[in-house]
Amino acid sequence: IDTPGIDTPGKFSGAAQSGLEQSSVVVFLIDASKGLQTRDREIFDAVKKLGKPTIVAVNKIDTLKGGEDGDQLATEIAVSLGEAGVIPISGQNGTNVAEDLIPAIIEASPEAALVIGRELPVYRREAGQRIIRNSTLLSIAAGLEPIPLVDIPILLGTQIRLVLRIAALYGE
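Each chain has its residues counted from 1, running along the sequence as written. Note on the predicted model: pLDDT of at least 70 is required for a residue's local features to be given, and 80 or more for side-chain atom pairs to be given and counted; whole-chain, interface and lining totals, by contrast, use all residues. Side-chain measures were taken over the full set of non-hydrogen atoms in the model, leaving aside hydrogen atoms and water.

Chemist: Lay out the sheet that holds strand E2 (residues 54–59) with the relevant residues and their values.
Modeler: At least two bridges found by DSSP between two strands are what make those strands a pair. Only runs of H or I of at least four residues qualify as helices and only runs of E of at least two qualify as strands under DSSP, and these elements are numbered from the N terminus. Read across the sheet, three strands follow the order E1-E2-E3 without closing on themselves; strand pairing throughout is parallel. Across the chains shown, the open sheet's two edge strands, defined by having one partner strand only, are strand E1 (26–31) and strand E3 (87–88). Pairing between E2 and E3: two bridges, direction parallel. Paired with Val58 across the bridge in E3 is Pro88. In the packing of helix H4 (residues 97–108) onto the sheet, the strands contacted are E1, E2 and E3, and the crossing angle to E2 comes to about 170°. Only heavy atoms matter for contacts: two residues are in contact if any of them lie within 4.5 Å across the pair. To define axes, lines are fitted to C-alpha atoms, for helices over the stretch in contact only, and angles between the resulting N-to-C directions are given on a 0 to 180 degree scale.

Structural data, given as structure tokens:
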């Protein structure tokens, strides 16, 4: 969500609300040149209420003046929002996008991992690892307390889904 595109803090337009409901992960952008504003905090609180994985990124760190540091600003915003892992980025020159932002999106959502891995081959391995890790956790959860005739279909379904997702990741 690019916060300047929201008209009323905490209230989303129909298109924005629909997009948020359909998304598997939310990337919340804060303008570094303006810093964290009250409006940003209100919108962030509304987004968190949706229960979607949310990644906070501070964009435009390349525009900071007077020796300000993007990492320092990101840390200050993280403390203010009570959100760990705020990522300083520059959309214009690509700073920290490939190194930090895309891996964070992959880690936050298996659905996003599948799409990113398919569209950006450089991230296929990382996306595949995320998909496999998710399937492993589901299998472990099903196997912790085996229930006769119930756990086998769950395990088989998890394994079939894993194979299909890996095939989709590689375009097969």
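Chemist: Give me a nonpolar patch on the surface: which residues, what numbers.
Modeler: A surface patch of nonpolar side chains, about 410 Å² in accessible area, is lined by Ile152, Leu156, Ile160 and Leu164. By the secondary structure assignment, Leu156 is in helix H7 (residues 151–169). Here a patch means residues that are over 30% exposed by relative accessible area and free of salt bridges, tied together within 9 Å if like-charged and within 5 Å if nonpolar (Val, Leu, Ile, Met, Phe, Trp, Tyr). Method for areas: the Shrake-Rupley scheme with a 1.4 Å probe, in which residue coverage is limited to the protein chains shown. Between Lys or Arg on one side and Asp or Glu on the other, a salt bridge is scored when a side-chain nitrogen of the former is within 4 Å of a carboxyl oxygen of the latter.

Chemist: How would you sum up a negative patch on the surface? Please name residues and give values.
Modeler: A contiguous patch of negative charge, built from Asp69, Asp71, Glu99 and Asp100, is present on the exposed surface. As for its position among the elements, Glu99 is in helix H4. Only four residue types enter the tally: Lys and Arg on the positive side, Asp and Glu on the negative side, with His and both chain ends excluded. Here the site of a charge means atom NZ of a Lys, CZ of an Arg, CG of an Asp or CD of a Glu.

Chemist: Describe the pairing of E2, and please don't skip the residues or the numbers.
Modeler: Buried means the residue's accessible area, taken with a 1.4 Å probe over protein chains only, is under 20% of the maximum for its type, while exposed means over 50%, and partly exposed covers the values in between. In terms of burial, E2 is largely enclosed, as six of its six residues are buried. Every second residue of E2 is oriented toward a common face, with Thr54, Val56 and Val58 on one face and Ile55, Ala57 and Asn59 on the other, all of them buried. Where E1 lies against E2, six bridges are found, and the strand directions are parallel. When the sheet's bridge partners are listed, Val27 is paired in E2 with Ile55. Here is how to tell: hold the view so the strands point away, follow the path from the first strand over the helix to the second, and if it runs clockwise the crossover is right-handed. On the question of chirality, the crossover connecting E1 to the parallel E2 by way of helix H2 (residues 38–49) is right-handed.

Chemist: Pulling in residues and values, what's your account of the packing of helix H5 (residues 110–119) against H7?
Modeler: Their axes nearest at 8 Å, the elements H5 and H7 cross at an angle of 35°. Note on element contacts: H7 touches H5 through Arg161, Arg165, Ala168 and Leu169, opposite Pro110, Glu111, Ala113, Leu114, Gly117 and Arg118. Each residue belonging to the contact of H5 with H7 can be placed in one class, and the counts come to five nonpolar, one polar and four charged. Under this grouping Gly is polar, as are all residues other than the nonpolar Ala, Val, Leu, Ile, Met, Phe, Trp, Tyr, Cys and Pro and the charged Asp, Glu, Lys and Arg.

Chemist: For the pattern of salt bridges, give the residues involved together with the corresponding values.
Modeler: Within this structure, the stated rule accounts for three salt bridges. Between Glu83 and Lys48 there is a salt bridge; the shortest N-O distance is 3.6 Å. A residue pair is termed long-range when its members are at least 10 positions apart, and Glu83 in the loop between helix H3 (70–81) and E3 and Lys48 in helix H2 qualify at 35 residues. Lys48 gets classed as partly exposed once you look at its relative accessible area, which sits at 35%.

Chemist: Summarise the confidence of the model for the protein chain; cite the residues concerned and give the values.
Modeler: Per-residue confidence for the protein chain gives a mean pLDDT of 82; residues scoring 70 or more make up 92%. Mean pLDDT across the elements of the protein chain bottoms out in helix H1 (residues 14–22) (77) and peaks in E2 (91). pLDDT is defined as a per-residue confidence score from the predictor, taking values between 0 and 100.

Chemist: Mind laying out unusual backbone geometry, listing which residues take part and the relevant values?
Modeler: The phi dihedral of Lys60 is positive, around 70°, even though this residue is not glycine. With respect to the element layout, Lys60 can be found in the loop between E2 and H3.

Chemist: For the side chain of Ser90, give the residues involved together with the corresponding values.
Modeler: Tracing the backbone through its elements, the reader meets Ser90 in the loop between E3 and H4. On the basis of relative accessibility, which here comes to 0%, the residue Ser90 falls in the buried class. Among the polar contacts listed, one links the side chain of Ser90 to the side chain of Asp62, at a separation of 2.9 Å. Beyond its immediate sequence surroundings of up to four residues, Ser90 is in contact with Asn59, Lys60, Ile61, Asp62, Thr95 and Val97. As used in this structure description, the phrase polar contact means that two N or O atoms lie within 3.5 Å; if the pair is within protein, one of them must be able to donate a hydrogen and the other to accept it, and residues adjacent in sequence are counted only when both atoms belong to side chains.

Chemist: Describe the packing of H4 against H5, with residues and values.
Modeler: Closest axis-to-axis distance for the H4/H5 pair is 5 Å, and the angle between their directions is 130°. One finds that H4 runs oblique with respect to H5. For the pair H4 and H5, the contacting residues are Ile102, Ile105, Ile106 and Ala108 in the first and Pro110, Ala112, Ala113 and Ile116 in the second. Partitioning the contact of H4 with H5 into residue classes produces eight nonpolar, no polar and no charged. An angle counts as roughly parallel when it lies under 35 degrees, as roughly antiparallel when it exceeds 145, as roughly perpendicular when it falls between 65 and 115, and as oblique in every other case.

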